[in-house]
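# Summary of structural features
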Amino acid sequence: MPNSQDIPAAESVEELKLVAISALENSSTSEELEVWRVDFIGRKGKLTSLLRGLGSLAVDDRRVVGAAANRLRGELEGLFEKRIAVVNSSSAPLGSIDVTLPGRKPASGGLHPSTQMIREITQAFNEMGFQTVEGPEVELERYNFDMLNIPQNHPARDMFDTFWVDSEKDDLLLRTHTSPVQARVMEANDPPIRVVVPGKCYRYEATDATHEWQFNQIEGLAVDEGITFADLKGTLYEFARRIFGPSQKVRFRCDFFPFVEPGVDMSIEWKGNWLEIMGAGMVHPKVLENAGYDSDKYTGFAFGMGPERISMLKNEITDIRHFFSNDLRFLSQF
Ligand code: DAH
């Protein structure tokens, strides 16, 4: 039952309209508008109680006043929407943006940790006269294996289980190392050659903390008349000092790679242990000849290393998979 205050009359619709419109015009913030909305057109607002009071009117009056009150609701809702739009557009710049707040640094990206390491290493070699070159990641079997003295059925191919690419013409694969670029560079240039070759490599491999199926390598190649094993040692020793510090110790041990003779691995002393960081050796005469060089006239050395492994040592990273999992918690630490 409506109480006596709420009993409407025809003129009370007109009155309510005047009061509502003037109150709306005086509302100039979104908070004030919300108070107005609740007060006039809300579920328990003045218009609703006016409509509730209709029951006590005579039937004819009820119809007239009811229709007027419903028209008023539509009108007030429309005016309210317009007013909100005006208030929002004019108060936003002053109301919600603090123009006195000092500027904040926009979030900016950075170089991937692998890229940073690759740049540091290639720069060390660039300063020693090596030029940076790149080769294709989808490689011909010929360059990845044959030209490097790894013929069909050679057991060394087992070290490089890889992804093959369906192709009708040539045998294509995702390169297993950056060494094929040695052959490409020699084919296309005459000595003297001094290059470093960074790039992505792939192997069909089960992943764990120290193995990824994708990784980077940096290859190096120097070919000229009179290059000796002393040049190899001197260059790689200098590289280790530039990357790990001036008192870095290194160790060379015999190792086998089909494309070098003799072959070695180089380790660095790290926290009391010797850790292998690259393979290297004197370019095999067959590799020189495959590229059309006279192996009696020219000699050279080559090396290959994994920048992720070196970054893991330097930055105490315990799992190589972090490099390719794209987790900002890892990436943003560099
Ligand atoms: N390509 C070799 C690998 O992926 C690394 C390597 C060893 C490169 C000896 C060389 C080298 O140039 O002389 O395991």
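As the structure is a computational prediction, the values presented were derived from the model and not from experiment.

## Focus on the environment of T207
- Here T207 shows up in the loop between β5 (193-202) and β6 (214-224).
- Overall, the relative accessible area of 36% leaves T207 in the partly exposed class.
- C-alpha separation for the pair T207 and R321, spaced 114 residues apart in sequence, amounts to 7.8 Å.
- Apart from residues lying up to four places away in sequence, T207 is in contact with E212, W213 and R321.

## Thoughts on the packing of helix α5 (residues 113-127) against helix α8 (residues 229-244)
- Across the interface, α5 lies against α8 with an axial gap of 10 Å and an inter-helix angle of 135°. Put simply, α5 runs oblique to α8. Relative to α8, the crossing made by α5 is right-handed. Contacts between α5 and α8 pair M117, E120, I121, A124, F125 and E127 from the former with T235, L236, F239, R242 and I243 from the latter.
- Classifying every residue of the contact of α5 with α8 gives seven nonpolar, one polar and three charged.

## What to know about the layout of surface pockets
- Roughly 930 Å³ of internal volume is contained in the largest pocket.
- Considering the residues around the largest pocket, the lining is formed by 39 residues, among which R203, F215, Q217, G306 and R309 are closest to the centre.
- Taken together, the elements giving at least two residues each to the lining of the largest pocket come down to β6, β9 (273-283), β10 (299-305) and α10 (307-315).
- Among the elements that take part in the lining of the largest pocket, β9 stands out by supplying six residues, more than any other.
- Tallied by class, the residues present in the lining of the largest pocket amount to 18 nonpolar, eleven polar and ten charged.

## Things to note about the packing of α5 against α10
- Where α5 contacts α10, the axes come no closer than 9 Å and their chain directions differ by 95°. In terms of orientation, α5 lies roughly perpendicular with respect to α10. Residues S114, M117, I118, E120 and I121 of α5 form the contact with α10, whose own contacting residues are P307, E308, I310, S311 and K314.

## Comments concerning the domain arrangement of the protein chain
- When cut into domains, the protein chain gives domain 1 (4-89) and domain 2 (113-331).
- Centre-to-centre, using C-alpha coordinates, domain 1 lies 81 Å away from domain 2.

## Some remarks on α5
- The terminal C-alpha atoms of α5 lie 21 Å apart, and with 15 residues this matches the ideal 21 Å at 1.5 Å per residue to within 8%.
- Restricting attention to buried positions, one finds in α5 the residues P113, S114, M117, I118, I121, T122, A124 and F125. Angularly, the buried residues of α5 cover 160° about the axis, an arc narrow enough to put them on a single face.
- G129 lies just past α5 and shows a positive phi near 100°.

## A short note on the nonpolar core
- Counting residues in each nonpolar core, the largest one holds 31 residues, and the members touching the most others are F125, F239 and F303.
- Broken down by secondary-structure element, the contributors of at least two residues to this core are α5, β6, α8, β8 (260-270), β9, β10 and α10.
- F303 has contacts with F125, F130, V196, I218, E219, G220, L221, L236, M278, G279 and A280, leaving out every residue within four places of it along the chain.
- Core analysis: the second largest hydrophobic core is formed by 24 residues, F145, L173, V197 and L221 among them.

## So, a negative patch on the surface
- Judged by side-chain charge, D158, D161, E205 and D208 come together as a negatively charged surface patch.
- The class of D208 is partly exposed, set by a relative accessible area of 32%.

## Section: the pattern of salt bridges
- Taken as a whole and judged by the stated rule, the model has 16 salt bridges.
- Of the charged contacts, one joins D60 and R63 as a salt bridge, the two residues approaching to 3.2 Å between their closest N and O atoms. Note that D60 and R63 are positioned in helix α4 (residues 59-95) at a spacing of three residues, about one turn of the helix. The same class applies to D60 as to R63, namely exposed.
- For the salt bridge of R157 with E141, the shortest nitrogen-to-oxygen distance reads 2.7 Å. A residue pair is termed long-range when its members are at least 10 positions apart, and R157 in the loop between α6 (141-144) and β3 (164-165) and E141 in helix α6 qualify at 16 residues. This pair shows no difference in class: R157 is buried, exactly as E141 is.
- The structure contains a network of salt bridges with shared partners spanning E127, E238, R241 and R242.

## Topic: the sheet that holds β3
- On the basis of which strands lie adjacent, the open sheet formed by three strands has the order β2-β4-β3 and antiparallel pairing. Two strands bound the open sheet, and with one partner strand each, they are β2 (138-140) and β3.
- Two elements, β2 and strand β4 (residues 172-174), share three bridges in a ladder whose sense is antiparallel. Bridge assignment links E139 to a residue of β4, and that residue is L173.

## Digging into the site of the ligand
- Contacts to the ligand come from 16 residues, most closely from H177, S179, R203, Q217 and E219.
- One nitrogen or oxygen atom from the side chain of Q217 is found 2.9 Å from an oxygen atom belonging to the ligand.
- At 2.6 Å from an oxygen atom of the ligand is found a side-chain nitrogen or oxygen belonging to E219.
- Computed on the free molecule, the ligand has an accessible area of 360 Å², of which 92% lies beneath the protein chains in the complex.
- Of the pockets mapped on this structure, the ligand occupies the largest pocket.
- Secondary structure elements with two or more residues in the shell around the ligand: β6, β9 and β10.

Here is what the cut-offs are and how they apply
Residues numbered from 1 in each chain as written. Predicted model: local features only at pLDDT ≥ 70, side-chain atom pairs only at ≥ 80, totals over all residues. Heavy atoms only, no water. Helix = DSSP H or I, 4+ residues; strand = E, 2+ residues; numbered from the N terminus. Buried < 20%, exposed > 50% of the residue type's maximum accessible area, 1.4 Å probe, protein only. Contact = heavy atoms within 4.5 Å. Axes fitted to C-alpha atoms, helices over the stretch in contact; angles between N-to-C directions. Parallel < 35°, antiparallel > 145°, perpendicular 65-115°, else oblique. Left-handed = near helix turned anticlockwise from the far one by under 90°. Nonpolar A, V, L, I, M, F, W, Y, C, P; charged D, E, K, R; others polar. 1 Å grid on protein atoms, 1.4 Å probe; cavity = no way out; pocket = protein on both sides within 12 Å on 5 of 7 lines; lining within 4 Å. Points joined across faces, edges and corners; volume = space filled by probe spheres on them. Domains from an automatic or database assignment. Expected span 1.5 Å × (residues − 1). Arc of directions from axis to C-beta. Core = buried A, V, L, I, M, F, W, Y, C linked by side-chain atoms within 4.5 Å. Patch = residues over 30% accessible without salt bridge, like charges linked within 9 Å, V, L, I, M, F, W, Y side chains within 5 Å. Areas by Shrake-Rupley, 256 points an atom, 1.4 Å probe, with all protein chains shown as cover. Salt bridge = Lys/Arg side-chain N within 4 Å of Asp/Glu carboxyl O. Lys, Arg positive; Asp, Glu negative; His and termini not counted. Charge placed at Lys NZ, Arg CZ, Asp CG, Glu CD. Pairing = 2+ DSSP bridges. Near = heavy atom within 4 Å. Polar contact = N/O pair within 3.5 Å; in protein donor to acceptor, adjacent residues only side chain to side chain. Sits in = over half its atoms within 2 Å of the grid points.

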